[in-house]
Amino acid sequence: MTTDDLPNADRFTWWHEMTMATLIPTLLASDHTVDFRAAANVVDLGAAQVTAMTYLPLTSARTSKLIRQSDPEYCQLSLTVRGDMGLSQCGREVTFGSGELMLYDSSYPFEGWTAAEDGSVAHIVAQIPMSIPSNRGDLLSGQLQGGVGPVVVLVVDRTPIPTHAV
């Protein structure tokens, strides 16, 4: 999926709608709405999903209202490939860069941001339903039932980052 074939005026809105449908509902904002470019590769693993994305910097927010409207109860594991990312959730704020992982929960509000000196941000997000681990403590300790954990790690490692669009 890419914004390449869309008119500039439609790109940011399309990206926002695509991420709301493919990932989780969030509010997005960007200083690049006029010239926004983005691309994504989505790998459906049945219960889990892996999405590799490149896009121009933006901010995101998952509000309590959005959670009440739609909460798939996902754990999201994000690997930053290029650029910097930040996330504030449950009173914790973290900044992470290329090669670093972040784990967050779709059931709690968050605010996030991305930045890149050379233009675009690239990251891979694995969405894992909370129903897979026996409890959230298992997930945070890295123990997943049913072999999903190794599959997600393998797919994240093998999912190509889109190079077109940005």
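See above for the structure.
Residues numbered from 1 in each chain as written. Predicted model: local features only at pLDDT ≥ 70, side-chain atom pairs only at ≥ 80, totals over all residues. Heavy atoms only, no water.

(A) Focus on empty space enclosed by the protein. A complete count under the given rule lists one cavity of 30 Å³ or more for this structure. Its boundaries defined by the atoms lining it, the largest cavity holds a volume of some 350 Å³. Taken together, 24 residues line the largest cavity, and the ones lying closest to its centre are Tyr55, Ser60, Met85, Tyr104 and His123. Elements supplying a minimum of two residues to the lining of the largest cavity: helix 1 (8-22), strand 3 (49-55), strand 4 (59-62), strand 5 (74-82), strand 6 (84-89), strand 9 (110-115) and strand 10 (121-129). (1 Å grid on protein atoms, 1.4 Å probe; cavity = no way out; pocket = protein on both sides within 12 Å on 5 of 7 lines; lining within 4 Å. Points joined across faces, edges and corners; volume = space filled by probe spheres on them. Helix = DSSP H or I, 4+ residues; strand = E, 2+ residues; numbered from the N terminus.)

(B) Molecular detail of the pairing of strand 9. Taking every second residue as pointing to the same face, the buried face of strand 9 carries Phe110, Gly112 and Thr114, while none of Glu111, Trp113 and Ala115 on the other face is buried. Of the strand pairs in this sheet, strand 6 and strand 9 are connected by six bridges, and their pairing is antiparallel. Bridging across to strand 9, Asp84 finds its partner in Ala115. (Buried < 20%, exposed > 50% of the residue type's maximum accessible area, 1.4 Å probe, protein only. Pairing = 2+ DSSP bridges.)

(C) Representation of the side chain of His123 within the structure. Tracing the chain through its elements places His123 in strand 10. Judged by relative accessible area, which is 5%, His123 ranks as buried.

(D) Quick peek at the environment of Val81. Structurally, Val81 can be placed in strand 5. The exposure class assigned to Val81 is partly exposed, which follows from its relative accessible area of 32%. Sequence spacing of Val81 and Gly97 is 16 residues, and the spatial spacing of their C-alpha atoms is 7.7 Å.

(E) Highlighting the nonpolar core. One finds Trp15, Phe36, Met53, Tyr55, Leu58, Leu87 and Tyr104 to be the most contacted residues of the largest nonpolar core, which totals 22 residues. When contributions to this core are tallied by element, the ones reaching two or more residues are helix 1, strand 2 (38-44), strand 3, strand 6, strand 8 (101-105) and strand 10. Examining the composition of this core, we find that three residues originate from one element, helix 1, more than from any other. (Core = buried A, V, L, I, M, F, W, Y, C linked by side-chain atoms within 4.5 Å.)

(F) Spatial organisation of the sheet that holds strand 2. Here five strands make up an open sheet; going across it, the order is 2-3-10-5-8 and the pairing antiparallel. Because the sheet does not close on itself, it has two edges, and the strands there are strand 2 and strand 8. Pairwise comparison of adjacent strand axes, ignoring direction, gives a mean angle of 20 degrees for this sheet. Examined bridge by bridge, strand 5 and strand 10 share eight bridges and lie antiparallel to one another. Across the sheet, residue Tyr74 finds its bridge partner in strand 10, namely Pro129. (Axes fitted to C-alpha atoms, helices over the stretch in contact; angles between N-to-C directions.)

(G) Just the pattern of salt bridges, in detail. Scanning the model with the defined rule gives one salt bridge in all. Note that Arg62 and Asp71 form a salt bridge whose closest N and O atoms lie 3.7 Å from each other. Its relative accessible area of 1% is what places Arg62 among the buried residues. (Salt bridge = Lys/Arg side-chain N within 4 Å of Asp/Glu carboxyl O.)

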